[in-house]
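Here are the chains, one letter per residue:
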Amino acid sequence: MLEKNYTPKDFEEKIYEKWETNGDFKPDMSSDKDSFCVVIPPPNVTGVLHMGHALDYTLQDILIRYNRMLGKKVLWQVGTDHAGIATQMVVERNLAKDGISRHDLGREKFIETVWKWREQSGGTICKQLRRLGASCDWSRERFTMDEGLSRAVRKIFVNLYKDGLIYKAKKLVNWDSKFMTAVSDLEVIQKECVGKMYYYRYPIEGEEGKYIHIATTRPETMFGDTAVAVSKDNEKLKHLIGKNCIIPIINRAIPIIADEHADPEKGTGAVKITPAHDFNDFEVGKRHDLPLINVLNPDATLNENTPYEGITTLEARQKTIDALSELGLMDKIEDHPMVIPYGDRSGVIIEPLMTDQWFVDAPVLAKEAIRVVEEGEMEFLPKTYEKTYFEWMRNIQPWCISRQLWWGHQMPIWYGPDGHIFCEENEELAQAEADKFYGKHEELTRETDVLDTWFSSGLWAFSTLGWPDKTEFLDTFYPTSVLVTGFDIIFFWVARMMMMSMYMMKKVPFKKCYMHGLIRDEHGHKMSKSKNNTVDPIETIEKYGADALRFFMAAMETQGRDINMSEARVAGYRNFATKLWNAARFGEMNEAKPVADFNPDNVSLAVNKWIIAKAKEATLEVTKNLNAYRFSDSANSIYQFVWGTFCDWYIEMIKPILYGEDETAKAETKATFAWVMDRILVVLHPFMPYITTQLWNNLATRDVELMHHTWPTEDVVDNQAKEAIDWAIEVITVIRSLRAEMNLPAGAKLKAYIKDDNNKIAIYIKDFANIICSLARLETIETLNGEITPDMVQTVCQSSTILLPLKGVVDFSAERERLQKELAGLDKNLAGYASKLSNPNFVERAPIKVVEEEKKRQTEALENKAKVEEALARIANL
RNA sequence: GGGUGGUUAGCUCAGUUGGUUAGAGCGUUACGUUGACAUCGUAAAGGUCGUUGGUUCGAGUCCAAUACCACCCACCA
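Residues numbered from 1 in each chain as written. Chains lettered and ligands numbered in written order. Predicted model: local features only at pLDDT ≥ 70, side-chain atom pairs only at ≥ 80, totals over all residues. Heavy atoms only, no water.

So what exactly am I meant to see when it comes to the overall build of chain A here?
Each helix and strand counted, chain A has 28 helices and 29 strands in total. A globule of 878 residues ought to have a C-alpha radius of gyration of about 29 Å, yet chain A, at 37 Å, is considerably larger. Principal-axis analysis of the C-alpha atoms places the extent of chain A at approximately 120 × 65 × 55 Å. Looking at chain A as a whole, 54% of its 878 residues qualify as buried. Summed over its atoms, the accessible surface of chain A is roughly 39800 Å², and 49% of this surface lies on carbon and sulfur atoms. (Helix = DSSP H or I, 4+ residues; strand = E, 2+ residues; numbered from the N terminus. Rg over C-alpha atoms; globule rule 2.2 N^0.38 Å. Buried < 20%, exposed > 50% of the residue type's maximum accessible area, 1.4 Å probe, protein only. Areas by Shrake-Rupley, 256 points an atom, 1.4 Å probe, with all protein chains shown as cover.)

If you want it as structure tokens, here you go:
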């Protein structure tokens, strides 16, 4: 017996546990069908589940469960990411609570601490993922830092290095002064703000009282200036080219050079060049062979090359301005809108800094990654993301992969005493190479830098399947089927996976890439902790059940759009689950049990034929939409069928049968009910795995777990079977409307008549009198024999006239008004039809089918108009 | 500066190749008889589909321009 109330908390976790212990999520390697594989976008090991995850994983689980039911070999490869900076940050913060810094521990101890910490709390997100119902194969869970994946990282690194695609270079890089590491371009957030533009002047060397005026947003970097640039086309200033000017305060002479970088229209037309601290200036410096003077320490304080050693850039800026003012060289300070780069994790200002770093030659790797998308080997869904991808890939810059962190993959690089580089997969190999190279044994030191987190996640699609070993899983599941992820990591992750996979595997990592949007709050604002508008998915699940949240995600997911979170809507889908629960209880109470040899194509009652046709139709809709990755359409198809068709109509229509005397009809109806209920559970299962499983197991003894049940693909919809009941539904609806409009008491049992010359209708009336009477609250309904009398309220339904005799209760003036309204509506439509049909262009150019339709509508409306006019005439004088 | 997406009912959103009277959920109003369900049922109100032009027999849907919103990318002193 099912409980009276639907309480998801009572069974969701139990069901999941059972699935997992039974190994239900493992791929059926014996299947002779295709393979289907999704690799999960690995959540940060430090993470907790947020709504974005809930969306991402729900969509994947729907696809996974659907394909599993199609009988394929299905693998959802799960795992977590070591998330270099993010994790190091969290652990450092924890240590800081005890007043310990990572330097107190030293590298080795610190890394140990991180591993320990990961063991304690790294499982949180995986537990939460289970709560959501994600059917991933936990027996294959991987971690980007585990031994196998680390081996993959080292191997591909060595390959890239030996192919010349990884190199070391001293370059200007984005420097994060909090974590004291380089970061990639993508990890820099440009924020708009109003800053200051400082105008001051440098004296011209040897020309008393002459100056060159410059404008800058960063006066404190002037100690690193090695030139001032002026455009050769700048009529006012070009005479200064070739002269020297003096940097005040430190009194160092620098040349005034000609360079197109200096736009005569901007600032003062003269721009100070600080090659070591600005990406533009660096290029200028290269063109003119200017020296680089670094003025910053790694912690973003000024260094010994300045008069302000040890103080921060902001403090130094003020001191510089003060000093310039004292010298009488300040001209003015203006507000200036500008963008300032911040570290996405650290939140501190990013400084361009000259350092030794390692780079991946992304422009070379991008070529293949672009080609396979151009040629359709990998397809973005929605397609618009292709453009974003191409745009970025075609303008890609070398990827800085070295990080001066401790937590991460230490690069497989060893240096000889003379700095010679040995890149091998392990120390023994490197040593052997070195011994060969030097002809004797030399001590090697290993590069301390670790790799950008995204380097290892870039290998995720094949490293998790066993690469570099040749494994059955790699053979079976690579290339994977589809990647489902948010557009926010298209560059970070998708692009890198494409490049790494094409380089190493020569095959795309996934055949399709489905990109979804962000989850926002209910008014469309981005969720963030600082705005305090986040919604915790686990809390939502506790309150409404995982199925409700999942269905919400599916129903709201339309391609290319963000989703606004709405608790009311989640509650609505919980109500949907309740509705289904109660429908199942209804079946249970009426002993509607699945019948083993039931043949849905062999039922005789019209309602049963009808619901079976509708169920098959809904199944086809869901299937079609899932195949097209149209999540909301597929969810809505099944929702509409369950609530709007099965519960609202079918259940109501079969009550007279179930409570009646006809045992044959009863038996067939019960069997049909059970068949449809099973069908619902099957088709709804990918969306709502818990409630469907719970009902599946409680309604009957089953041979097969619902999640392994075969998805119906052989349906043929009997369209004729739909027609009769669809007609009855329309009649019922019209009568209900009429009753409400006439304010007839709900309890009043009425007689109704239908006037129609069509024989088929006469048969329908006889066949469905029971159903119509029961649902429209009538005493009887029959064909009208004889004349329409003035005490009958009339309305039209398709070709029929429907009549309700209301002896003595008809308010004729109200009735006239109602009929007039009906008439006005008809006239409006008729005007539309007439104008179209009288237009020769329409009649000649529109397809015949459309014209015919229009004519039919016109004829019908004219007939109905006549009927309404008759009715009006009948009561004209009453 | 470049690019992308959005603008449809009070709110949040669907609307697949242009073709009935533009749909749903929530909210609102009225009424609730019945032995699955008040986490419910029935009925109803509510929209000149951002604006302006164009293409077409026909435009929410295609094209152009424009306004506003959101996001992404970009080295502008």
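How should I be thinking about the protein's contact with RNA strand B in this particular structure?
Surrounding RNA strand B, one finds 59 residues, the nearest of these being K266, N280, R561, R777 and R845. Of what RNA strand B places within 4 Å of the protein, 60% of the atoms are sugar or phosphate. A distance of 2.9 Å separates a base oxygen of RNA strand B from a polar atom in the side chain of K579. A per-element tally of the surface near RNA strand B places helix 19 (residues 567-589) first, with ten residues. (Near = heavy atom within 4 Å. Polar contact = N/O pair within 3.5 Å; in protein donor to acceptor, adjacent residues only side chain to side chain.)

Explanation requested: the packing of aromatic side chains in the structure shown.
Considering all chains together, one arrives at 45 aromatic pairs under this definition. A ring pair is formed by F462 and W467, whose centres lie 5.2 Å apart and whose planes are at 85°; its orientation type is edge-to-face. Taken as a pair, F462 and W467 share a single burial class, namely buried. Relative to Y573, the ring of F551 has its centre 5.1 Å away and its plane inclined at 55°; by these criteria the two rings are tilted. With F551 in helix 18 (residues 546-556) and Y573 in helix 19, this residue pair connects regions lying 22 residues apart in the sequence. With respect to burial, F551 and Y573 carry one shared label: buried. In this structure an aromatic cluster arises from ring pairing among F551, Y573, F576, Y639, W643 and F687. We note R130 situated over the ring of W138; from NZ or CZ to the ring centre the distance is 3.8 Å. For the cation-ring pair, K506 lies above Y503, with the distance from its terminal atom to the ring centre recorded as 5.5 Å. (Phe/Tyr/Trp six-rings, centres within 6.5 Å; stacked < 30°, edge-to-face > 60°. Lys NZ or Arg CZ within 6 Å of the ring centre and 35° of its normal.)

When you look at the sheet that holds strand 7 (residues 188-203) in this model, what are you seeing that I'm missing?
Through backbone hydrogen bonds, the strands of a sheet pair up, either in parallel or in antiparallel fashion. Pairing is antiparallel across the open sheet formed by three strands, whose spatial order is 8-7-13. Since the sheet does not close on itself, it has two edges, and those belong to strand 8 (211-216) and strand 13 (330-343), each with one partner. Sheet twist, expressed as the mean angle between neighbouring strand axes with direction ignored, is 20°. Bridging between strand 7 and strand 13 involves 13 bridges; their strand directions are antiparallel. Following the sheet pairing, Y198 is matched in strand 13 by I333. (Pairing = 2+ DSSP bridges. Axes fitted to C-alpha atoms, helices over the stretch in contact; angles between N-to-C directions.)

Explain unusual backbone geometry here, please?
Trans is the common state for peptide bonds, and a negative phi is the common state for residues other than glycine. The amide bond that connects L381 to the next residue, P382, takes the cis arrangement and shows omega of -5°. Inspection of the secondary structure puts P382 in the loop between strand 15 (379-381) and helix 11 (385-394). Residues Y478 and P479 are joined by a peptide bond in cis, for which omega reads 0°. When you line up the elements, P479 lands in the loop between helix 15 (472-477) and strand 22 (480-486). Its identity is not glycine, yet K506 carries a phi of approximately 60°, on the positive side.

In this structure, what is going on with the sheet that holds strand 29 (residues 800-805)? I would like to understand it.
Taken in spatial order, the four strands line up as 27-26-29-28 in an open sheet, and their pairing is mixed. Only two strands of the sheet have a single partner each, and these edge strands are strand 27 (778-783) and strand 28 (792-797). For this sheet the average axis-to-axis angle between neighbouring strands, irrespective of direction, equals 25°. Both strand 26 (residues 750-755) and strand 29 contribute to a ladder of three bridges, which runs antiparallel. Note on strand 29: the bridge partner recorded for K755 is T801. This element, helix 28 (residues 848-874), spans strand 28 and strand 29 of the sheet and lies at about 175° to strand 28. (Contact = heavy atoms within 4.5 Å.)

Teacher, can you tell me more about the pairing of strand 14 (residues 350-360) here?
Looking down a regular strand, the side chains alternate between one sheet face and the other. Buried residues dominate strand 14, accounting for ten of its eleven residues. Bridge count between strand 5 (residues 166-176) and strand 14: eleven bridges; the pairing is antiparallel. Bridge pairing in strand 14 links D176 to I350. Bridge count between strand 14 and strand 16 (residues 399-400): two bridges; the pairing is antiparallel.

What is the right way to look at the layout of surface pockets in this model?
Any empty space left between atoms is shown by rolling a water-sized probe over those atoms. The volume enclosed by the second largest pocket comes to roughly 1400 Å³. Along the wall of the second largest pocket there are 48 residues; nearest its centre are T216, T217, R218, D278 and M338. Those elements that place two or more of their residues in the lining of the second largest pocket are strand 7, strand 8, strand 12 (270-273), helix 8 (279-288), helix 9 (313-326), strand 13 and strand 14. Here the lining of the second largest pocket gets seven residues from one element, more than from any other, and that element is strand 13. Its residues assigned to classes, the lining of the second largest pocket comprises 20 nonpolar, 17 polar and eleven charged. (1 Å grid on protein atoms, 1.4 Å probe; cavity = no way out; pocket = protein on both sides within 12 Å on 5 of 7 lines; lining within 4 Å. Points joined across faces, edges and corners; volume = space filled by probe spheres on them. Nonpolar A, V, L, I, M, F, W, Y, C, P; charged D, E, K, R; others polar.)

Just checking my understanding: could you explain the side chain of S231 for this structure?
Residue position: S231 is located in the loop between strand 9 (227-230) and strand 10 (244-247). Judged by relative accessible area, S231 falls into the buried class, the value being 7%. In terms of polar contacts, S231 uses its side chain to reach the backbone amide nitrogen of D233, at 3.1 Å. Beyond its immediate chain neighbours, meaning those up to four positions away, S231 contacts K238, I241, D259, A262, P264 and G269.

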